[in-house]
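Report on the structure
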Amino acid sequence: MKITTQTIRKLKGDRPIAMLTAYDFITAQLAGEAGADIILVGDSLGNTALGFESTIPVTVDIMLHHCAAVARAKPDALLLCDVPFAVAGHSTDYVLDVCTKLLQQGGAECVKIEGGVRRAEKSAAIARAGVPVMGHIGLKPQDVLQLGGYRKFGKTDQGRERLLAEAKAWEDAGAFSLLLEMVDAEAAAMVTEAVSIPTIGIGAGPNVDGQVLVISDALGLNAGKYPGFAKKYVDLRGIALKALGEYVSEVRERKFPE
Ligand code: KIV
């Protein structure tokens, strides 16, 4: 059955929400057939699929290209697309224009916007225009140039107050859900308790309404280091290397084709 933002809202307090990223037709089919509730075309595709060092170089056109490929898999999951770097800092009209493209041309059903209170307040107009929005707080990878690196959020009283204020602002702005990235587990539990919309965590501990994993982390496809919070469910890179190595040898030994 097709999952909608309404389905996701109703899952709060019912059962945990499972979200996965996907970046193309094949990963979207995999995530969809595995039963994910939400498929995120994350701007993490900059790192995982395109080899950039951060999400900063990811443009609207890149997001449209990948989102449309994911949409062609027609998953039952809710299709969520990231609003990429710097867009949300523009005028409301521009942000709405980008969101409209992601929905109309990219086939997304909702968008995710990174930001604190000011971005949330601005996004109220986007939600009122009919674009379902997920807010993204805690570590916001699009802020990496200002942060100078990645760290955990909500470890101090002041940090928790700030996260609560941001979460409330997204709720008041009409967001259907909230993503908490790299948030202290106790702070994430507090936020989850304080808002009526579901929270989805990544590196935010178990006391949230759902979890998201980057698909290449879950499948063990990356060559480099994995984030401490990620779980590698299978070593697909190892399996693939073995298979492809066999193919290369068989060609050289004239065993393939038979
Ligand atoms: O871009 C992304 O993949 C994300 C993660 C938090 C899942 O936003």
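Everything below is about the structure shown above.
Below or above, wherever it landed, is the structure these notes cover. (Residues numbered from 1 in each chain as written. Predicted model: local features only at pLDDT ≥ 70, side-chain atom pairs only at ≥ 80, totals over all residues. Heavy atoms only, no water.)

**Let's talk about helix H11 (residues 236-252)**
As a reminder of what qualifies: Here a helix means four or more residues in a row that DSSP labels H or I, a strand means two or more in a row labelled E, and each is numbered from the N terminus. In a helix, the anticipated span is given by 1.5 Å times the number of residues less one.
An ideal rise of 1.5 Å per residue puts 24 Å on 17 residues; H11 measures up with 24 Å between its terminal C-alpha atoms. Where H11 ends, the next residue or the one after it, Arg-254, has phi of about 60°, a positive value.

**A short note on the packing of helix H5 (residues 92-104) against helix H6 (residues 117-128)**
In a pair of packed helices, the angle between the axes and the distance between the axes together describe the arrangement. So the rule is basically this: The axes are straight lines fitted to the C-alpha atoms, using for helices just the contacting stretch, and the angles between their N-to-C directions are given from 0 to 180°. Between 65 and 115 degrees an angle is taken as roughly perpendicular, under 35 as roughly parallel, over 145 as roughly antiparallel, and anywhere else as oblique. A clockwise turn of the near helix away from the far one marks a right-handed crossing, whereas an anticlockwise turn of less than a right angle marks a left-handed crossing. The contact rule is simple, with two residues in contact once any of their heavy atoms fall within 4.5 Å. Basically, the charged four are Asp, Glu, Lys and Arg, the nonpolar ten are Ala, Val, Leu, Ile, Met, Phe, Trp, Tyr, Cys and Pro, and anything else, Gly included, counts as polar.
Relative orientation of the contacting elements H5 and H6 amounts to 50°, with a least axis distance of 10 Å. Here H5 lies oblique to H6, going by the angle between them. Taken as a pair, H5 and H6 cross one another with a handedness that is right-handed. Across from Thr-92, Val-95, Leu-96 and Cys-99 in H5, the residues of H6 making contact are Lys-122, Ala-125 and Ile-126. Split by residue class, the contact of H5 with H6 holds 5 nonpolar, 1 polar and 1 charged.

**Comments concerning the pattern of salt bridges**
Heads up, the rule is: One speaks of a salt bridge when a side-chain nitrogen belonging to Lys or Arg is within 4 Å of a carboxyl oxygen belonging to Asp or Glu. Exposed residues in this analysis have more than 50% of their type's maximum accessible area, buried residues have under 20%, and partly exposed residues fall in between, with area computed by a 1.4 Å probe over protein chains only.
For the structure on display, the rule yields 11 salt bridges. Taking the shortest distance from any N to any O, the salt bridge between Lys-168 and Glu-171 comes out at 3.9 Å. Highlighted residues: Lys-168 and Glu-171, both in helix H8 (residues 157-172), separated by 3 residues, approximately one helical turn. The class for Lys-168 is partly exposed, based on a relative accessible area of 36%. The residue Glu-253 makes a salt bridge to Lys-255 at a minimum N-O spacing of 3.0 Å. Taken together, the shared-partner salt bridges connect Arg-160, Asp-184 and Glu-186 into one network.

**Points about the site of the ligand**
What counts, and what does not: In these notes, residues near a molecule or strand are those with any non-hydrogen atom within 4 Å of it. Pairing of N or O atoms within 3.5 Å defines a polar contact, subject to two protein rules: one partner must be a possible hydrogen donor and the other a possible acceptor, and residues neighboring in sequence count only if both atoms are side-chain atoms. We get accessible surface area from the Shrake-Rupley algorithm with a probe of 1.4 Å; when it comes to residues, only the shown protein chains can shield them.
Neighbouring residues of the ligand: Thr-21, Leu-40, Gly-42, Asp-43, Ser-44, Asp-82, Lys-112, His-136, Leu-179, Glu-181, Ile-202 and Val-212. Note that an oxygen atom of the ligand is positioned 3.1 Å from one of the side-chain N or O atoms of Asp-43. At 2.7 Å, a side-chain N or O of Lys-112 approaches an oxygen atom of the ligand. For the ligand, whose accessible area on its own is 260 Å², the fraction buried by protein is 96%. Taken together, the residues of the shell around the ligand sort by class into 4 nonpolar, 4 polar and 4 charged.

**Details of helix H4 (residues 60-71)**
In this model, H4 (12 residues) spans 16 Å end to end at C-alpha, consistent with the 16 Å of a helix rising 1.5 Å per residue. Taken together, the buried positions of H4 are Val-60, Met-63, Leu-64, His-66, Cys-67, Ala-68, Ala-69 and Val-70. Structurally, H4 contributes buried residues whose contacts are with helix H2 (25-33), strand S2 (38-41), helix H3 (45-48), strand S3 (78-82) and H5.

**Re the packing of aromatic side chains**
As a reminder of what qualifies: Any two rings among Phe, Tyr and Trp, with Trp reduced to its six-membered ring, count as a pair given centres within 6.5 Å; such a pair is stacked if its planes are under 30 degrees apart, edge-to-face if over 60, and tilted if neither. A ring is scored as having a charge over it whenever the NZ atom of a lysine or the CZ atom of an arginine sits within 6 Å of its centre and within 35 degrees of its normal.
All told, the structure shown has 1 aromatic pair when counted by the stated rule. On the basis of an interplanar angle of 65° and a centroid distance of 5.9 Å, the ring pair of Tyr-247 and Phe-256 is categorised as edge-to-face. The partly exposed category is assigned to Tyr-247, whose relative accessible area is 45%. According to the relative accessible area criterion, Phe-256 is partly exposed, its value standing at 46%. A cation over an aromatic ring shows up here: Arg-151 above the ring of Phe-153, its NZ or CZ 4.1 Å from the ring centre.

**Regarding the nonpolar core**
Rule in force here: Definition used in this section: a nonpolar core is a set of buried Ala, Val, Leu, Ile, Met, Phe, Trp, Tyr and Cys residues joined via side-chain atoms within 4.5 Å.
The biggest cluster of nonpolar side chains holds 55 residues, and the ones touching the most others in it are Val-41, Leu-102, Val-111, Ile-113, Trp-170, Leu-178 and Leu-180. Those residues within four positions of Val-41 in sequence are excluded, and the remaining contacts are Ala-22, Met-63, His-66, Cys-67, Val-70, Leu-79, Leu-80, Cys-81 and Asp-82. Judged by nonpolar contacts, the second largest core, of 16 residues, contains Ile-3, Ile-38, Leu-78 and Leu-179.

By themselves, these are just geometric observations and shouldn't be taken as functional.
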